[in-house]
Amino acid sequence: MDLGELGGSTALLTDQYELTMLQAALNSGTADRRAVFEVFARHLPNGRRYGVVAGTGRLLDAIEAFSFDEAALEFLSARGVVDETTTAWLEKFRFTGNVWGYPEGECYFPESPILVVEGTFAEAVMLETVVLSILNHDCAIASAASRMVQAAQGRPLIEMGSRRTHERAAIAAARAAYVAGFATTSNLEAGRRYGVPTAGTSAHAFTLLHDSERHAFEAQLASLGQGTTLLVDTYDVERAVRTAVELAGPSLGAVRIDSGDLGVMARRVRAQLDELGAHDTRIVVTGDLDEYGIAALAAAPVDGYGVGTALVTGSGAPTASLVYKLVARSDGPEDDAPMRSVAKRSAGKPTRGGRKAAIRRFDARGTAYSEVLTTGEPTPGPRDRLLHVPLIQDGTVVGRETLEAARERHARAVRELPATALQLSKGEPALPTEFLDGGPRR
């Protein structure tokens, strides 16, 4: 997140009703009641088999920077959003509670409590909007990216969707895609900020700039070397491939095809490259690909894919449909005040009360078979894994980790799922979610 553009604070990345609830709670004397909120999705989008947790690192940065500076307070006062008492409270606000969550890169399923926020009602409710805006976006992108990675069957993918989304969302999308297994991004800011490997060569405009395709290839090779990727579908593909190999020799790194029937074109280009002796020259395809298009090219001689629009829009599911719901609260501000379970009973939008622990169960082969949620003390068995890890303790971030760690975790998490999780057809979640009160039964 670019805090410079926000004046160093993330506090106004919120909805006004968070502040009006705060003001009313302060006035009624309930603001200091202890509260537990959970983030979960009631269902997975589009019949998908699993979701992917992403954005955790960005969220921790945002919470750490969530304080109301002078400019923010002046804005709120000038608009009459809050009264003087609430303004004074906001001036001193720092989140001092605790946050637990599924670690970044982990898979999740319907009702999985991927984030648990505990603090006073006042401080926990303040985080709702920023939590959901980050996690809903990044989880959606990572979930789509993971499906694409599985469809690619080990072939590398390039994230290249910056021109198809908001400039800030593009950076977050590149990060989320990398967590899910994409190899590189075209977005340089994602490379600078998060260390995501970057890649890129040329577009059709570069070819059209020159008097001929040959001149364009000569210029690119002179600048980037023989290992570069030449775009061969501006005019005639067969002629372009011949020119490319003639100029670069058999050590040409790759050719890119961006249009037409990509499977047919890839086979023709592979045959031509082999005939010209360029056996090691790779073929990269781009052009409105999604997981289904990638899967359809599984048998084609394709060595890599570039994905843009479908990736940054969640491939039809631009939000993870996560919600932030109060599940428990105390009757008073005292630390030892008993907590009571609370839940909505709204038609179509009910919630399950009580703070939940999450356990993933595995069979003897190491394959996950169930997600168990319990409001009791968790008692994991020898093949079970507790899913929550501490992220913030008493207001201090304790759960930061490298992007590589999240990426490696996701690769492991997918390997642990049953084979049905990798199917692209619509179906039930790969793991059933089981609810138990009072602790999981063995």
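One can find the structure itself at the top, above this paragraph.
Residues numbered from 1 in each chain as written. Predicted model: local features only at pLDDT ≥ 70, side-chain atom pairs only at ≥ 80, totals over all residues. Heavy atoms only, no water.

J.: Requested: an account of the pattern of salt bridges, with residues and values cited.
T.: Overall, the coordinates contain 22 salt bridges when judged by the stated rule. One salt bridge connects Arg270 with Asp274, and the closest N-O pair in it is separated by 3.2 Å. With Arg270 and Asp274 both in helix 12 (residues 262-275), this residue pair falls four residues apart, about one helical turn. Arg270 gets classed as buried once you look at its relative accessible area, which sits at 14%. (Salt bridge = Lys/Arg side-chain N within 4 Å of Asp/Glu carboxyl O. Helix = DSSP H or I, 4+ residues; strand = E, 2+ residues; numbered from the N terminus. Buried < 20%, exposed > 50% of the residue type's maximum accessible area, 1.4 Å probe, protein only.)

J.: Summarise the packing of aromatic side chains; cite the residues concerned and give the values.
T.: Scanning all chains against the criterion turns up five aromatic pairs. Consider the rings of Phe37 and Phe121, whose centres lie 6.1 Å apart with planes at 35°: the pair is tilted. Highlighted residues: Phe37 in strand 1 (residues 34-41) and Phe121 in helix 5 (residues 121-125), separated in sequence by 84 residues. By relative accessible area, Phe37 is classed as buried at 5%. Ring centres 5.9 Å apart and planes at 85° place the aromatic pair Phe66 and Phe68 in the edge-to-face group. Judged on exposure class, the residue Phe66 and its partner Phe68 are both buried. Pairwise contacts between aromatic rings join Phe66, Phe68, Trp89 and Phe93 into one cluster. Here the guanidinium or amino end of Arg352 rests over the ring plane of Phe435, the centre of that ring lying 3.7 Å away. The ring of Tyr178 carries Arg407 above its face, with NZ or CZ at 4.1 Å from the centroid. (Phe/Tyr/Trp six-rings, centres within 6.5 Å; stacked < 30°, edge-to-face > 60°. Lys NZ or Arg CZ within 6 Å of the ring centre and 35° of its normal.)

J.: Talk me through empty space enclosed by the protein; I want residue IDs and the actual numbers.
T.: Applying the stated criterion to the full structure yields four cavities of 30 Å³ or more. Size it by volume and the largest cavity reaches roughly 60 Å³. Taken together, Glu38, Phe40, Glu111, Val327, Thr351, Arg352, Lys356, Leu373 and Phe435 make up the full set of residues lining the largest cavity. Classifying every residue of the lining of the largest cavity gives four nonpolar, one polar and four charged. Each pocket or cavity is described by its volume, and for the second largest cavity that value is around 50 Å³. Looking at the second largest cavity, the residues that line it are Arg49, Tyr50, Arg147, Gln150, Ala421, Leu422, Gln423 and Leu424. Residues of the lining of the second largest cavity, tallied by class, amount to four nonpolar, two polar and two charged. (1 Å grid on protein atoms, 1.4 Å probe; cavity = no way out; pocket = protein on both sides within 12 Å on 5 of 7 lines; lining within 4 Å. Points joined across faces, edges and corners; volume = space filled by probe spheres on them. Nonpolar A, V, L, I, M, F, W, Y, C, P; charged D, E, K, R; others polar.)

J.: Break down the sheet that holds strand 3 (residues 98-101) for me, citing the residues and quoting the values.
T.: Read across the sheet, seven strands follow the order 13-12-1-5-3-17-18 without closing on themselves; strand pairing throughout is antiparallel. Only two strands of the sheet have a single neighbouring strand rather than two, namely strand 13 (339-341) and strand 18 (396-397). Two elements, strand 1 and strand 5 (residues 115-120), share six bridges in a ladder whose sense is antiparallel. Looking across to strand 5, one finds that Val39 is bridged to Leu115. Packed onto the sheet, helix 2 (residues 56-64) meets strand 5, strand 17 (389-393) and strand 18 and runs at close to 20° relative to strand 17. (Pairing = 2+ DSSP bridges. Contact = heavy atoms within 4.5 Å. Axes fitted to C-alpha atoms, helices over the stretch in contact; angles between N-to-C directions.)

J.: I'd like a rundown of the nonpolar core, residues and numbers included.
T.: In this structure, Met148, Leu157, Phe182, Val285, Ile294, Tyr305 and Leu311 are the most contacted members of the largest nonpolar core, which totals 59 residues. With eight residues, the top contributor of residues to this core is helix 6 (residues 128-152). Non-local contacts of Leu157, meaning those with residues more than four positions away in its chain, are made with Met148, Val149, Ala152, Phe182, Ala183, Thr184, Ile294, Tyr305 and Val307. (Core = buried A, V, L, I, M, F, W, Y, C linked by side-chain atoms within 4.5 Å.)

J.: Go over unusual backbone geometry with me, naming the residues and quoting the values.
T.: With a phi close to 55°, Asn46 is a non-glycine residue in the positive phi region. Mapped onto the elements, Asn46 comes out in the loop between strand 1 and strand 2 (51-52). We classify Asn46 as partly exposed; its relative accessible area is 41%. In this structure, Asp394 takes a positive phi of about 50° despite not being glycine. With respect to the secondary-structure elements, Asp394 resides in the loop between strand 17 and strand 18.

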